[in-house]
Protein chains: 2
Amino acid sequence: MAYDLILQNIAKHISLTPAEKQYFTSMLKSEELKKKALVLREGQLCNNIYYVSSGILRAYHLDKDAKEATIMFALSDWWITDMFCFINCQPAMLFIEAVENSSIVGLQKKDLDQLLIEVPKFERFFRIIMQNAYIREQLRVIQNLSLSAEERYHSFLTKYPQVVKQVTQKKIASYLGITPEFLSSLKVNKTKN
Amino acid sequence: MAYDLILQNIAKHISLTPAEKQYFTSMLKSEELKKKALVLREGQLCNNIYYVSSGILRAYHLDKDAKEATIMFALSDWWITDMFCFINCQPAMLFIEAVENSSIVGLQKKDLDQLLIEVPKFERFFRIIMQNAYIREQLRVIQNLSLSAEERYHSFLTKYPQVVKQVTQKKIASYLGITPEFLSSLKVNKTKN
DNA sequence: TTAGATTCTTAATATACCTTAACTCCTTTG
DNA sequence: CAAAGGAGTTAAGGTATATTAAGAATCTAA
C-alpha cells in the first residue's frame, strides 16, 4: 500500500493495532509533487503536516528584501510543516517547495487533533518527533552562534551528505546564512589548504 | 506545598488525579540556587530536567576560543535542560547557571521515563513542551538568518522585557551572537535616530 | 537544437561586526 | 571601608562576509 513507509516510520516509536492503523491511514492524503511545486506559501493557512515518502522538500522564509532563508530540508522519512502556523492555525510565514519530484503524505490539523484524542499513543509519537526537532534546531543555533561560515559549511557536508548531492549551492548557502558567492569562494580556499 | 507552581504549570495542559499528583511529586527534588551557581557543566552527565519556580537560569556553550554563546534564558515557569544530552544520556555540551538566586525543581531522566509509562497523560504534556520549544528555536533560526544585529536586539527587547531587566548586556549580546562592545554601540546609535 | 534562464565562479569594492585597549562606574568580597 | 574584579562605554583599526558586476557553465523548455 501507499502508506507502508509512513506506518514503518511510526512503528519506530509506537506499536499500533490493525484497527488503529486503519483509522490512522483513513486520515491521510497522499500527493505527488513535481519539482518546484509549492505545498505551502506565505500567507496561506497552514493546515497540514507532511511526511515525505520520497524526494526532498525545502522550507524557506522570505525577508523584507526578498532574500531567502532556508529553514529546513526534509529528505524522505522526515516530517515537515510550518510548525508555528500549523499549531496556531495562522497564516504561514514559510514557503515549502519540492526540490525534486517528491511524494508526500498529508495529515490535517483537525484530524491530528482528533487522532491524539482517539489514539493517545500518538502523543508519544509526536512527543518524540517534536523532541528531535527541538534538539536539531538547538544544535543549529549553537553552531550559528559559535562557528564561522566555513566551519558551518563543513559541518553541513558531514551532517547532510544526501542534501549536498541533490540541492544547489545557492540553497545550501541560504541554509548557512551566507551568500552563494561567498560559499563559492570558501570552496576554492578550502582546496588550496 | 513547594510543588504548587509546577503542578499549576502541568495543569495548563493536562488534568491529574490526586494519586497521579502524588506519584509525580514524589519524583521531584527541589533545590535552592545562589546567584552564579552551576546546575550543569559541560562534560558532566546531564541527568535532570529542571522547572524554574523562581529566579532565572541561563544555558550557554563555550566554543574552542572560550567564547560564550547563550542558548537560552529560563524565567520562572519555564523548563530547561541540555535536551540533546538529557535525552541521549550523554555528557553535557552546555553549562546551566543561576543568573539570580533561584529555586528549581529537578526531575531525573530515569524517573521521567517511568512517569511517561505509568501516567501516559504526561506524554501529552511533554509533547506540548517540546513543540513549544521547537517553535521557539525555529523562530530564532529565522531571525538569526534574516535580521541584522540591531533588528535582533529590538526583537529581543520586546520578546523578553523581563530578561532585559535582570541580565547583563554581556549575556544578552552572547544570546544575540554579537560582542558586548558592538551591542553597546548599537544602543548609542539607536538613541541618535 | 537553440534561446533563455539559472547557477556558479571570480574579482573589486563596501560594510557590518570584531578586536584591542583605555577609561569609568559598579559590584563583590575581604 | 578599601581593593579588585567585572560591566559598560568609546574609539581606532582590522576582518569576515556582503554587494555588485561580468563571464562561463549548466539546465530548461519551446
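Provided above is the structure to which this section pertains.
My aim in this report is to walk through the structure given alongside it, one point at a time. (Residues numbered from 1 in each chain as written. Chains lettered and ligands numbered in written order. Predicted model: local features only at pLDDT ≥ 70, side-chain atom pairs only at ≥ 80, totals over all residues. Heavy atoms only, no water.)

**Some points on the overall build of chain A**
Counting its secondary structure elements, chain A contains nine helices and eight strands. Taking 2.2 N^0.38 as the reference for a compact globule, 193 residues should give roughly 16 Å; the C-alpha atoms of chain A span a radius of gyration of 18 Å, in line with that estimate. The C-alpha extent of chain A, read off along each of the three principal axes, is 60 × 30 × 30 Å. Across the 193 residues of chain A, 52% fall into the buried class. For chain A, the share of sequence-separated contacts (at least 6 apart) that also reach a separation of at least 24 residues comes to 69%. For chain A, the accessible area works out to roughly 9200 Å², and carbon and sulfur atoms hold 53% of it. Positive and negative side-chain charges in chain A, numbering 25 and 20 respectively, have mean positions lying 5 Å apart. (Helix = DSSP H or I, 4+ residues; strand = E, 2+ residues; numbered from the N terminus. Rg over C-alpha atoms; globule rule 2.2 N^0.38 Å. Buried < 20%, exposed > 50% of the residue type's maximum accessible area, 1.4 Å probe, protein only. Contact = heavy atoms within 4.5 Å. Areas by Shrake-Rupley, 256 points an atom, 1.4 Å probe, with all protein chains shown as cover. Lys, Arg positive; Asp, Glu negative; His and termini not counted. Charge placed at Lys NZ, Arg CZ, Asp CG, Glu CD.)

**Comments concerning the interface of chain B and chain A**
Across the boundary between the two partners, chain B contributes 37 residues, which contact 37 residues of chain A. A combined buried area of about 3500 Å² lies between chain B and chain A, and 70% of that area is made up of carbon and sulfur atoms. Summed over the three residues of chain B that lose the most area to chain A, namely E123(B), Y134(B) and L145(B), the buried surface amounts to 20% of that side. Here chain B is connected to chain A by six salt bridges. The closest approach of N and O atoms between E123(A) and R127(B), which form a salt bridge, is 2.8 Å. (Buried area = accessible area lost by both parts, 1.4 Å probe. Salt bridge = Lys/Arg side-chain N within 4 Å of Asp/Glu carboxyl O.)

**Looking at the protein's contact with DNA strand D**
Within the structure, DNA strand D sits among 15 residues, and A149(A), Q169(B), K170(B), S184(B) and V188(B) are positioned closest to it. Within 4 Å of the protein, atoms of DNA strand D come from sugar and phosphate in 72% of cases. Interatomic distance of 3.4 Å between a side-chain N/O atom of K35(A) and a phosphate oxygen of DNA strand D. Between DNA strand D and the protein, one listed contact pairs a phosphate oxygen with a backbone N or O atom of K170(B) at 3.0 Å. Broken down by secondary-structure element, the contributors of at least two residues to the surface near DNA strand D are α9 (180-192) of chain A together with α8 (169-176) and α9 (180-192) of chain B. Looking at the surface near DNA strand D, the element that brings in the most residues is α9(B), giving four residues. When grouped by side-chain class, the residues that make up the surface near DNA strand D number four nonpolar, six polar and five charged. (Near = heavy atom within 4 Å. Polar contact = N/O pair within 3.5 Å; in protein donor to acceptor, adjacent residues only side chain to side chain. Nonpolar A, V, L, I, M, F, W, Y, C, P; charged D, E, K, R; others polar.)

**Notes on the packing of helix α1 (residues 4-11) of chain B against helix α2 (residues 18-26) of chain B**
Residues and elements named next belong to chain B. Taken N-terminus to C-terminus, the directions of α1 and α2 make an angle of 125°; their axes are 11 Å apart at the nearest point. In terms of orientation, α1 and α2 fall into the oblique class. Here α1 runs over α2; the crossing is right-handed. Residues I6, L7 and I10 of α1 touch α2, and the partners they reach there are K21, F24 and T25. Residues that form the contact of α1 with α2 fall into these classes: four nonpolar, one polar and one charged. (Axes fitted to C-alpha atoms, helices over the stretch in contact; angles between N-to-C directions. Parallel < 35°, antiparallel > 145°, perpendicular 65-115°, else oblique. Left-handed = near helix turned anticlockwise from the far one by under 90°.)

**With respect to the environment of L139(A)**
Looking at where L139(A) falls in the secondary structure, it is placed in helix α5 (residues 121-146). Judged by its relative accessible area of 19%, L139(A) falls in the buried class. Taking the C-alpha atoms as reference points, L139(A) and A2(A), separated by 137 residues in sequence, lie 34 Å from one another. Aside from chain neighbours lying at most four places away, what touches L139(A) is K159(A), F84(B) and M93(B).

**Concerning the protein's contact with DNA strand C**
Not every one of the 14 residues close to DNA strand C is listed here, only the nearest: Q169(A), K170(A), S184(A), V188(A) and T179(B). Taking all atoms of DNA strand C within 4 Å of the protein, the share assigned to sugar and phosphate is 74%. Note that a phosphate oxygen of DNA strand C is positioned 3.2 Å from one of the backbone N or O atoms of A149(B). At the level of secondary structure, the elements contributing two or more residues to the surface near DNA strand C comprise α8 (169-176) and α9 of chain A together with α9 of chain B. The biggest single contributor to the surface near DNA strand C is α9(A), with four residues. Class assignment of the residues belonging to the surface near DNA strand C gives a composition of four nonpolar, five polar and five charged.

**Points about the pattern of salt bridges**
Residues and elements named next belong to chain B. For the coordinates displayed, the defined rule picks out 22 salt bridges over all chains. Its salt-bridge partner being E68, residue R58 comes within 2.9 Å of it at the nearest N-O pair. A residue pair is termed long-range when its members are at least 10 positions apart, and R58 in strand β4 (residues 57-62) and E68 in strand β5 (residues 68-74) qualify at ten residues. The shortest N-O distance in the salt bridge between K110 and D111 comes to 3.6 Å. Note on D111: relative accessible area 14%, which makes it buried.

That's the geometry; what it means functionally is another story.
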